[in-house]
Amino acid sequence: MKLISFEGIEGVGKSTQIDLLKKFLISKNFNVEVYREPGATDFGEKIRDILLNSNSNISDNTELLLMFSSRSELINHIAKSKADYILLDRYYDASIAYQGYGRGISLEIINSLISLINCPEPDNTILLDLSIEDSIKRKINDKKDRIESSGINFFDKVRNGYLKLASDHPKRFLVIDALLDKEHIHKLIVEKIK
């Protein structure tokens, strides 16, 4: 089984690229499963509702622990999978970027949680990179959830956190300019996973 995670700030086109890659892999007769974080399982979807609800007033530590509770259930689910490819719309790098770099929670604590729940490392991580300004333009008409309402400074830290992760793990990460044409981005992703 190959595990491929898609990362990036809001509005970078993760869902579009996951869908394109899924269709490509199915056309090559691979069995593919797609999951989103937080969510993916019944329990995870309940946690997602809490995390993204604009009326939820939760601490940064609670946010982190809820993310990992949802992720733990997802990992247990994936462990039973017979799929050739698992495509993840965000994974543990999102916690490092959002709760670590964005919220300022200790990376040591986050890494200990990754270890605690035995997160398998992705074979590839696709980071779709976009400036904060372009992200805002793409999401201008969308209703913002609790995390999306965190402000420009927060998302600047998140983006820089993602770029630091990519720099620290160059063999696993592929950084792609999210302003490129979607078919061009798809081609770059296919070349990486081959």
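Scope of this entry: the structure provided in the associated data block.

So, how was this worked out
- Residue positions are counted from 1 within each chain, in the order its sequence is given.
- Selection of residues for local features in this predicted model requires a pLDDT of at least 70, selection of side-chain atom pairs for listing and counting requires 80 or more, and totals for whole chains, interfaces and linings are taken over all residues.
- To obtain the side-chain values, all non-hydrogen atoms of the structure were included, while hydrogens and water were left out.
- Type-normalised accessible area, obtained with a 1.4 Å probe on protein chains alone, sets the label of each residue: buried when under 20%, exposed when over 50%, and partly exposed for intermediate values.
- For the purposes of this entry, the term helix denotes a DSSP run of H or I that reaches at least four residues, the term strand denotes a run of E that reaches at least two, and both are numbered from the N terminus.
- Working rule for contacts: check all heavy atoms of both residues, and any pair within 4.5 Å makes them a contact.
- The arc refers to the directions leading from the helix axis to the C-beta atoms.
- In protein, a polar contact means a hydrogen-donor-capable atom and an acceptor-capable atom, both N or O and within 3.5 Å, with residues adjacent in sequence counting only if both atoms are side-chain atoms; elsewhere, any N or O pair within 3.5 Å suffices.
- The term nonpolar core refers to a set of buried residues drawn from Ala, Val, Leu, Ile, Met, Phe, Trp, Tyr and Cys, joined through side-chain atoms within 4.5 Å.
- The criterion for strand pairing is that DSSP finds at least two bridges linking the strands in question.

## With respect to helix α4 (residues 92-102)
No. 1: With respect to burial, α4 is a largely interior element, 10 of its 11 residues being buried.
No. 2: Of all the residues in α4, the buried ones are Tyr 92, Asp 93, Ala 94, Ser 95, Ile 96, Ala 97, Tyr 98, Gln 99, Gly 100 and Gly 102.
No. 3: Those residues of α4 that are buried are in contact with β1 (2-7), α3 (60-79), α5 (107-116), β4 (124-129), α7 (152-168) and β5 (173-177).
No. 4: Gly 104, located one to two residues past α4, shows a positive phi value of around 85°.

## Regarding the side chain of Ser 95
No. 1: By the element assignment, Ser 95 lies in helix α4.
No. 2: Residue Ser 95 is classed as buried on the basis of its relative accessible area of 1%.
No. 3: Every residue in contact with Ser 95, bar those within four places of it in the chain, is listed here: Leu 64, Met 67, Phe 68, Arg 71, Gly 100 and Ile 110.

## Re α5
No. 1: Taken together, the buried positions of α5 are Ile 110, Leu 113 and Ile 114. Taken around the axis of α5, the buried residues stretch over an arc of 105°, which confines them to a single face. What points out from α5, more than 90 degrees from its buried face, is the exposed set Glu 108, Ser 115 and Leu 116.
No. 2: Taken together, the buried residues of α5 touch α3 and α4.
No. 3: Its side-chain oxygen placed 3.1 Å from the backbone nitrogen of Glu 108, Ser 106 serves as the N-cap of α5.

## As for the nonpolar core
No. 1: Counting 52 residues, the largest nonpolar core has Leu 21 and Tyr 98 as its most contacted members.
No. 2: Examining the composition of this core, we find that six residues originate from one element, α7, more than from any other.

## Focus on the pairing of β4
No. 1: With respect to burial, β4 is a largely interior element, six of its six residues being buried.
No. 2: Neither face of β4 is exposed, since Asn 124, Ile 126 and Leu 128 on one face and Thr 125, Leu 127 and Asp 129 on the opposite face are all buried.
No. 3: Pairing of β1 with β4, which is carried by four bridges, proceeds in the parallel orientation. In the sheet register, Phe 6 faces β4, and the bridge partner there is Ile 126.
No. 4: As paired strands, β4 and β5 are joined by five bridges and run parallel to one another. If you follow Asp 129 over to β5, its bridge partner there is Asp 177.

## Overview of the pairing of β1
No. 1: Across the six residues that make up β1, a large majority, five, are buried.
No. 2: Judged from the five bridges that link them, β1 and strand β3 (residues 85-89) form a sheet pairing that is parallel. Of the residues in β3, the one forming a bridge with Lys 2 is Tyr 85.

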